[in-house]
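Chain by chain, the residues:
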Amino acid sequence: MIIEGVVRSMISRKKYAKTAKTLPKGFETPNDFFNYVFNDKDIIWMGQNTNHLHDESGIKEAMLGSIKKGDYCKYPPPEGFPELKDLIMEDLGLTHGFDILITAGGTESLYLCANDILEPENNTITCDPGYLIIDNFASRFGNHVKSVPIYNEECNYKLTPDLVRENMDKKTKLISLVDPLNPLGSSYTKEEIKDFADIAEDNNVYLLHDVTYRDFARDHHLVAEYCPERTITIYSFSKIYGMAGLRLGAVLGTPDIINSIRTILINDLGTNIIAQKGAIAAVNSKYEWLDKVKKTTQNNQKIIKKAVDEVEGTFIPVYPSDGNMLAIDMYDAGINPRDVADHLLDRKIFTREGSYTSKHFGHRYLRVSYSIPTEDVKYFAESFLEVMEELKDSK
Ligand SMILES: Cc1ncc(COP(=O)(O)O)c(C=O)c1O
């Protein structure tokens, strides 16, 4: 007993910036909730920006082939199969003067980036709404995280170069650009990207360019092209490739940056072999399925817009979204997004209330992702109208 007591008093909870997650009704832990939605095969998955539009693109077959060969008895090359590394670099067009590490997802890449770039005295700039785990990681390794409010029309719902200039100080070392932005789907023009490159060069700061949703965008520009020595690019297989459960991604930068990251690696025995074999097939086949996935996603977005337009007091702040998700603002309708998420879940539709991606504006919007079959989006649209009507009546 005494020993237990001593151990308990030595290990305390860490006080990093927390994400503003709230639990759906009836669940005690996030894990219980995710286990519930995962195991119910009828749930329509609009809550995690995953992609459910892949059919026979050879990805599954490549993984099954690897399993049949028993590849998984061995460890993979620790930094990833060279074939996969080359394919990702070619996919981004970052072949000369760049290096890459395969990771267990964009999440691990973000962590490595924060760990590598930030010293305890350094500040980071992120935005609200945004992808809050970045704030969390940055607060573990650096000093202050300045989360700039961007939920307004004046800045077009994105962290603009002007806002970055206004919010920088002498200690700023890292600027996070999630592009397109989760949860709003805003993205950057070439001019803005060039402007960010200038800011980085003039002020000796680094740009974290998270391009997880890049392939859903109508147009996209890499800051690494303009400012390679100050940019870290974060890549994920979870979204356009439809491989979220396989946990695979990458981090790219100049050889200097990547050599530095090599010294702080977590997975020094490498990343899942089967996932990597699937990923090789996924990048190789990309141009056979990309158009179809994008078109379906963009068309689904129109169905949601039509439904939102029918409900007074609601609107989509960024339309069209350049991601596979958008936010539905319902503040003026006087309806709480949390209630909408709960009611939709009763109808087996999993969405996310805004507090998951915003500390200050989460009470205003519901985030829905729509790279799912069109008939499911139609069911969402009908259900959304019904739920909004029910909630208005119950006020
Ligand atoms: C901006 C952004 N980066 C990274 C991730 C996580 O990527 P991964 O599944 O590759 O860890 C997400 C997931 O939603 C995201 O929205």
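Residue indices follow the written sequence of each chain, beginning from 1 at its first position. With pLDDT at 70 or above as the cut-off, local features in this predicted model cover only qualifying residues; side-chain atom pairs require 80 or more to be listed or tallied, and sums for whole chains, interfaces and linings still use all residues.

**Focus on the overall build of the chain**
Move 1: A count of helical and extended segments in the chain gives twelve helices and twelve strands.
Move 2: In terms of overall dimensions, the chain has C-alpha extents of about 65 × 60 × 55 Å along its principal axes.
Move 3: Contact between residues is assigned whenever the C-beta positions, reconstructed from backbone atoms, fall within 7 Å. Here the contacts in the chain between residues at least 6 apart in sequence split such that 72% fall between residues at least 24 apart. A run of H or I in DSSP counts as a helix once it spans at least four residues, and a run of E counts as a strand once it spans at least two, with each numbered from the N terminus.

**Topic: the sheet that holds strand 12 (residues 365–369)**
Move 1: If DSSP finds at least two bridges between two strands, the strands pair. With antiparallel pairing, the three strands of this open sheet are ordered in space as 9-12-11. Since the sheet does not close on itself, it has two edges, and those belong to strand 9 (325–329) and strand 11 (352–353), each with one partner.
Move 2: Sheet analysis places strand 9 next to strand 12, joined by five bridges and oriented antiparallel. Looking across to strand 12, one finds that aspartate 329 is bridged to tyrosine 365.

**A closer look at the site of the ligand**
Move 1: The environment of the ligand is formed by 13 residues, the closest being Gly105, Gly106, Thr107, Ser236 and Ser238.
Move 2: Polar here means any residue outside two lists: the nonpolar Ala, Val, Leu, Ile, Met, Phe, Trp, Tyr, Cys and Pro, and the charged Asp, Glu, Lys and Arg; Gly therefore counts as polar. A per-class count over the shell around the ligand returns three nonpolar, nine polar and one charged. Contact assignment follows one rule, namely that a residue is near a molecule or strand if its backbone-placed C-beta atom lies within 6 Å of it.

**A look at the domain arrangement of the chain**
Move 1: Along its sequence, the chain is organised into domain 1 (19–55 + 287–393) and domain 2 (59–285).
Move 2: On a C-alpha basis, the centres of domain 1 and domain 2 stand 25 Å from each other.
Move 3: Listed by partner, the interface residues are 30 residues for domain 1 and 29 residues for domain 2.
Move 4: The set of elements that each furnish at least two residues to the side of domain 1 that touches domain 2 consists of helix 10 (273–309) and strand 9.
Move 5: A per-element tally of the side of domain 1 that touches domain 2 places helix 10 first, with six residues. By convention here, the domain bounds are inherited from an automatic or database domain assignment.

**As for helix 12 (residues 374–393)**
Move 1: With 20 residues, helix 12 extends 29 Å from end C-alpha to end C-alpha; this agrees with the ideal 28 Å at 1.5 Å per step.
Move 2: Elements that come into contact with the buried residues of helix 12 comprise strand 1 (44–45), helix 10, helix 11 (337–346), strand 10 (349–350) and strand 12. Take the residue count of a helix, subtract one, and multiply by 1.5 Å to get its expected span.

**Notes on the sheet that holds strand 6 (residues 206–210)**
Move 1: The strand order across the open sheet formed by seven strands is 2-8-7-6-5-3-4, and the pairing between neighbours is mixed. Lying at the two open borders of the sheet, with one neighbouring strand each, are strand 2 (99–103) and strand 4 (145–149). Within this sheet the neighbouring strands show an average axis-to-axis angle of 20°, counted without direction.
Move 2: Pairing geometry for strand 3 (residues 123–128) and strand 4, over five bridges, is parallel. Bridge pairing links cysteine 127 to valine 148 in strand 4.
Move 3: To obtain each axis, a line is fitted to C-alpha atoms, and for helices this fit is confined to the stretch in contact; angles are then taken between N-to-C directions over 0 to 180 degrees. Together, strand 2, strand 7 (231–236) and strand 8 (249–253) form the strand contacts of helix 9 (residues 255–262), whose direction differs from that of strand 2 by roughly 35°.

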